[in-house]
Amino acid sequence: MWDRARRRVTVLYNTDYQPGALDDRSAVQSAAIALYEAIGECGMERELVGIDGVDLWSTMASLRARAPHLVFNLCESLLGDARNEPVVPSALEAIGLPYTGNSADALELCLYKERAKEVLRRAGVPTPEFCLLAGEDDLAAALAEPLDYPYFVKLAHQDASLGIGAQNLVRGPAALASVTRALWRRFDEPVLAERYISGREVNVTLLGDDARGIEILPLHEIDFSSIDERPPIVTYAAKWDPGHLDYQSTPVIPLRETPAPVLAAIIRVATDAYRVLGLRDFGRVDLRIDEDGQPWVIDINPNCDLSPEAGAARAAMRAGIEYPQLIRRICDLAWTRAGDLALGAL
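Residues numbered from 1 in each chain as written. Predicted model: local features only at pLDDT ≥ 70, side-chain atom pairs only at ≥ 80, totals over all residues. Heavy atoms only, no water.

Q: Kindly report on the packing of helix α4 (residues 104–111) against helix α5 (residues 113–122), identifying the contributing residues and their values.
A: Taken N-terminus to C-terminus, the directions of α4 and α5 make an angle of 100°; their axes are 5 Å apart at the nearest point. Comparing the axis directions of α4 and α5 gives the class roughly perpendicular. Contacts from E108, L109, C110 and L111 in α4 reach K113, R115, A116 and V119 in α5. Looking at the contact of α4 with α5, its residues break down into five nonpolar, no polar and three charged. (Axes fitted to C-alpha atoms, helices over the stretch in contact; angles between N-to-C directions. Helix = DSSP H or I, 4+ residues; strand = E, 2+ residues; numbered from the N terminus. Parallel < 35°, antiparallel > 145°, perpendicular 65-115°, else oblique. Contact = heavy atoms within 4.5 Å. Nonpolar A, V, L, I, M, F, W, Y, C, P; charged D, E, K, R; others polar.)

As structure tokens, then:
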């Protein structure tokens, strides 16, 4: 195993951003710089490298020549498209460099929400009923069904709550048709409509993998108590616009008092989802808890924000894990996996 003091880590982040989502370049770069500094605090050598889709293979050739011991992958899109998120890990695998975070296969599975939900359903992990609306024929079929409204409508292949507003909670066929068509026009991609689960929304941050053990960090939930007449959902503005009322009235707080059986069910469902989808190193599972205390998986984030102010770092801090320690743990998980692979090749 490498001497940590001599380990060299390249922090790799994307510089071509997704239009209309997280398009503040300073925020993305600031997160990369914070992580770069944390790696330095751990006593490791490091460098910061930006990448875009145009220069993908020249950047990979340069990385291969420098041969860092580890690439810390922060890339969430490429060429301004979140659907290219698996490209960077695929390229890193092609040139034989170990990297942090989830594999290209796991990222792609979670990116296509309908596929992830089918995998969860087949494994018996509770996730709401849904329909994929890729065109007018799909929409006509859904409108003909006696769906158990309300339904929640979202883009099928995006993250960061892109395209989500109060109108996305639909209470009947007319609203379903209107919101779906509006999303098609604006984003030109399929829409996922899933049965809305009324209740608490819980964020579960996980570290590790099935082979080495999965650790649950302290749980958090969305506080909807001051949401007034607006629907209790996390909109795009609630995540990214500090001046918006949705942002101000949906704070993330430590999980409030929860009956032991419900808490156990939250942990079990989140862990099962993480394991079934083949996640590793870090990730977040978002759940809704219905009135009977049943958790339902509503989203999986296999490449969640690792900036110091974000949810993963906040959960780690409540567990007594300082930010540099969190980043070191993730590096160590990736290094251990790389060592196991190397031993397997002997």
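Q: Help me get a handle on the packing of aromatic side chains, residues and values and all.
A: Here the structure, examined in full by the defined rule, presents one aromatic pair. The side chain of R7 reaches across the aromatic face of W335, ending 3.9 Å from its centre. Geometry around W296 places R195 over its ring, the cationic atom sitting 5.0 Å from the centre. (Phe/Tyr/Trp six-rings, centres within 6.5 Å; stacked < 30°, edge-to-face > 60°. Lys NZ or Arg CZ within 6 Å of the ring centre and 35° of its normal.)

Q: Can you lay out the sheet that holds strand β4 (residues 130–133) for me, pointing to particular residues and giving the numbers?
A: Across the sheet, four strands lie side by side as β4-β7-β5-β6; this open sheet has antiparallel pairing. Pairing within the sheet leaves two strands with one partner each, and these edge strands are β4 and β6 (169–170). Across five bridges, strand β5 (residues 151–155) lies against strand β7 (residues 191–195) in antiparallel orientation. Considered in β7, the bridge of K154 is made with L192. α5 rests against β4, β5 and β7 of the sheet, and its axis sits at about 155° to β4. (Pairing = 2+ DSSP bridges.)

Q: Can you explain helix α2 (residues 56–66)? Please cite residues and give values.
A: Among all positions in α2, only L56, T59, M60 and L63 are buried. Considered in projection along α2, the buried side chains sweep an arc of 100° and stay on one side of the axis. Turned more than 90 degrees away from the buried face of α2, the exposed residues are W57 and A65. The inward-facing, buried residues of α2 abut β1 (8–14), β2 (45–51) and α3 (87–95). Positive backbone phi, at 50°, marks A67, one or two positions downstream of α2. (Buried < 20%, exposed > 50% of the residue type's maximum accessible area, 1.4 Å probe, protein only. Arc of directions from axis to C-beta.)

Q: Explain the pattern of salt bridges to me, using residue names and the numbers behind them.
A: One pass over the structure, following the stated rule, counts 19 salt bridges. When the shortest N-O distance is used, the salt bridge between R181 and E136 registers 3.0 Å. Separated by 45 residues along the polypeptide, R181 in helix α7 (residues 173–187) and E136 in helix α6 (residues 136–144) bring together distant segments of the chain. We classify R181 as partly exposed; its relative accessible area is 32%. Members of the salt-bridge network, linked through shared partners, are R200, E221, D223 and R256. (Salt bridge = Lys/Arg side-chain N within 4 Å of Asp/Glu carboxyl O.)

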